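Next come the chains, spelled out residue by residue.
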Amino acid sequence: MLQMQTTTATTWARTRTLAPPPPPHLQQAAAVASSTSLACVVTTLLDRPKPPLSASTPSGEHLGAWWGPVTPTGAWWGPVTPTGAWWGPLTPTRNVGRLLGLCLLQNELCPISLNRHVLKYILGHNPRFHDLAFFDGALYESLRQLVHLTQVEAGSPKLTALHQDFASMGLFFCIDQVAEEGGGTVELCSDGRHVPVTPTNVCDYVRLYATYRMLHSQSKALQSMREGVLDVIPAVTLEGLTPEDLRLLLNGVGDINVTTLIWYTTFNDESAESNERLNRFKRWLWTIVEKMSTQEKQDLVYFWTGSPALPASEEGFQPLPSVTIRPADDSHLPTANTCISRLYIPLYSSRSILNTKLLLAIKTKNFGFV
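Just so it is clear, the model here is predicted, and its values are computed rather than measured. (Residues numbered from 1 in each chain as written. Predicted model: local features only at pLDDT ≥ 70, side-chain atom pairs only at ≥ 80, totals over all residues. Heavy atoms only, no water.)

1. Here's the deal with the overall build of the protein chain
Threshold: What counts as a helix is a DSSP run of H or I of at least four residues, what counts as a strand is a run of E of at least two, and both are numbered from the N terminus. The classification of residues rests on relative accessible area computed with a 1.4 Å probe and restricted to protein chains. Under 20% of the type maximum is buried, over 50% is exposed, and intermediate values are partly exposed. Contact between two residues is taken to exist if any of their heavy atoms lie within 4.5 Å; hydrogens are not considered. Surface exposure here means Shrake-Rupley accessible area, sampled with a 1.4 Å probe, where a residue is shielded only by the protein chains that are shown.
Helix and strand content of the protein chain: 15 helices and eight strands. Within the protein chain, buried positions represent 42% of all 370 residues. Counted over contacts in the protein chain with a minimum sequence separation of 6, partners at least 24 positions apart contribute 62%. Per element, the accessible surface of the protein chain, about 19,800 Å² overall, is 56% carbon and sulfur.

What follows is the structure, given as structure tokens:
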């Protein structure tokens, strides 16, 4: 299954370049994304300095995060369309969608993990009841057990008792929202607060309940996020993808496969040592990586490439990861240049020193300019 999904993701990565380019007001953002990390993209797009407001400048909620000169003279700045017209208010969720779109456009992994029903919504698919299991496992199991109770043959003496059990539950076609959700009661159907749940209509109740929890309660946010994605890439590029494909493209493979990492990695030598010693050092390195825990492997890849996961395909690495072996030195720690996915390791004198230094380096997680 993973191989099939990876193949689909690879095909998508190779063919997406045929899609039309993003709108002009996003081309600068795309250029930034192609040469910097996602954190830099966020800083550039969301924290970009804004000029002082003038009398003709919209204010308050109309100030978006994507900025460009609205007039030919650059009198003031704001989110614009290719024609220079005002775009209106941009919600935070739409900006999140645009960041997702930029990651897809530039083959960048995204640190934002989305539930399965959200991925399906972005793809234009209709979520199903079983998608609730990925969103709220406890709620899914409760509703599933409720449906399971109705598996009684017609005419069975248990049927009367079952109707009584449902009546004692006091369930109706409505949801009482907590304060964080806005409070109040939401009806799942017309006059739902007066429609009791029975063994006959329980399947309708479960379907409507799950749909409300996954979609209707956050419909504006989901729609805004999807629109943000489609601001950057056209909908046609998402056709044929499954939620699992989209997750691979956005988040990569969380389980670090050492064999795959070895296949991707190339070595550069700056130590001027013999091939025998270099080959022994490489064996030490991969033996240590193979014995790492899942968390340590993710920390290593994060320290090495700036992402805690491997991309879904080889095209996801720009460029491919590499290791530069530096001259022998047991006193310094390994370093990395995440912009080019390069790990710098001194030629340590023993495997134990390599193991200690490497684990210490990946746990510090200190970043700076080299």
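Now that the structure has been shown, we can carry on.
2. Let's talk about the packing of aromatic side chains
Operational definition: Aromatic contacts are taken between Phe, Tyr and Trp rings whose centres are within 6.5 Å, Trp giving its six-membered ring; a plane angle under 30 degrees counts as stacked, one over 60 as edge-to-face, and the others as tilted.
Scanning all chains against the criterion turns up five aromatic pairs. Summarising the aromatic geometry, the rings of Phe129 and Tyr140 are spaced 5.0 Å apart at their centres and angled 35 degrees between planes, so their arrangement reads as tilted. Taken as a pair, Phe129 in the loop between α5 (116-123) and α6 (132-135) and Tyr140 in helix α7 (residues 137-148) lie far apart in primary sequence, 11 residues in all. Taken together through their ring pairs, the aromatic side chains of Phe173, Tyr205 and Tyr209 make up a single cluster.

3. With respect to the confidence of the model for the protein chain
What counts, and what does not: The pLDDT score gives, residue by residue, the confidence of the prediction method on a 0 to 100 scale.
Put simply, the protein chain has an average pLDDT of 77, and 71% of its residues get 70 or more. The model gives residues 13-20 a pLDDT under 50, and that stretch makes 11 contacts with residues more than four places away or in other chains.

4. A closer look at the packing of α5 against helix α11 (residues 243-251)
Filter applied, for reference: Structural elements are reduced to axes, namely lines fitted to C-alpha atoms, with helices fitted over the stretch in contact, and the angle between N-to-C directions of any two is expressed from 0 to 180 degrees. Every angle not falling under 35 degrees, over 145, or within 65 to 115 is termed oblique; those three ranges are roughly parallel, roughly antiparallel and roughly perpendicular.
At their nearest, the axes of α5 and α11 sit 9 Å apart, and the two run at 95 degrees to each other. When the axes of α5 and α11 are compared, the pair comes out roughly perpendicular. Counted together, Arg116, Leu119, Lys120, Ile122 and Leu123 of α5 and Pro243, Glu244, Leu246, Arg247 and Leu250 of α11 form the full contact between these two elements.

5. What to know about the sheet that holds strand β8 (residues 342-346)
Here is the rule we go by: The pairing criterion is simple: DSSP has to find at least two bridges between the two strands.
Read across the sheet, four strands follow the order β5-β6-β8-β7 without closing on themselves; strand pairing throughout is mixed. Each having just a single partner strand, β5 (266-269) and β7 (335-337) make up the two edges of the open sheet. Averaged over neighbouring strand pairs, the angle between their axes works out to 25 degrees when direction is ignored. Relative to β8, strand β6 (residues 322-326) runs parallel, the two sharing five bridges. Residue pairing in the sheet places Val323 in a bridge with Leu343 of β8. Across the sheet, helix α13 (residues 275-290) touches β5, β6 and β8, and the angle it forms with β5 is around 135 degrees.

6. Overview of the side chain of Asn251
Test applied: Polar contact is the term for a pair of N or O atoms within 3.5 Å; when the atoms are in protein, one must be able to donate a hydrogen and the other to accept it, and sequence-neighboring residues count only if both atoms are side-chain atoms.
Its place among the elements puts Asn251 in helix α11. Asn251 sits in the buried class, given a relative accessible area of 14%. At 2.9 Å, the side chain of Asn251 and the backbone oxygen of Cys110 are in polar contact.

7. Considering helix α15 (residues 351-364)
What counts, and what does not: The length a helix should cover is 1.5 Å for every residue beyond the first.
Here α15 contains 14 residues, and its C-alpha end-to-end distance of 20 Å stays within 8% of the 20 Å for a straight helix at 1.5 Å per residue. All buried positions along α15 are accounted for by Leu354, Lys357, Leu358, Leu359, Ala361 and Ile362. As for α15, its buried residues are in contact with α13, α14 (294-305) and β8.

8. Considering the pairing of β8
Burial analysis of β8 places four of its five residues in the buried class, the great majority of the element. Direction of pairing for β7 relative to β8: antiparallel, over a ladder of three bridges. Looking at the pairing, Thr335 lines up with Tyr344 of β8.

9. Remarks on unusual backbone geometry
In the Ramachandran plot, Ala272 falls in the positive-phi region, its phi being about 60 degrees despite a non-glycine side chain. With respect to the helices, strands and loops of the structure, Ala272 is situated in the loop between β5 and α13. Phi at Ser341 takes a positive value of approximately 55 degrees, unusual for a residue other than glycine. Considering the arrangement of structural elements, one finds Ser341 in the loop between β7 and β8.

10. Details of the environment of Gly228
Residue position: Gly228 is located in helix α10 (residues 219-232). For Gly228, a relative accessible area of 0% translates into the label buried. Between the C-alpha atoms of Gly228 and Val96, which are 132 residues apart in sequence, the distance is 7.1 Å. Dropping the residues within four chain positions of it, Gly228 is found in contact with Arg94, Gly97 and Arg98.

11. What to know about α5
Along α5, eight of the eight residues are buried, which leaves the element largely enclosed by surrounding structure. The complete set of buried residues in α5 reads Arg116, His117, Val118, Leu119, Lys120, Tyr121, Ile122 and Leu123. Packing partners of the buried residues in α5 comprise α4 (92-106), α6, α9 (202-214), α10 and α11. Once α5 finishes, Gly124 follows within two positions and takes phi at roughly 85 degrees, a positive value.

12. Topic: the pattern of salt bridges
Test applied: Salt bridges, as used here, are contacts in which a Lys or Arg side-chain nitrogen is within 4 Å of a carboxyl oxygen on Asp or Glu.
Scanning all chains against the criterion turns up 12 salt bridges. Taking the shortest distance from any N to any O, the salt bridge between Asp231 and Arg94 comes out at 2.9 Å. Of this pair, Asp231 sits in helix α10 while Arg94 is found in helix α4, placing the two residues 137 residues apart along the sequence. Classification of Asp231 by relative accessible area gives buried; the value is 11%. In this structure, Arg116 and Glu244 form a salt bridge, with 2.8 Å as the shortest nitrogen-oxygen distance. Within this pair, whereas Arg116 is found in helix α5, its partner Glu244 is found in helix α11, the two being separated by 128 residues in sequence. By relative accessible area, which is 19% here, Arg116 ends up buried.

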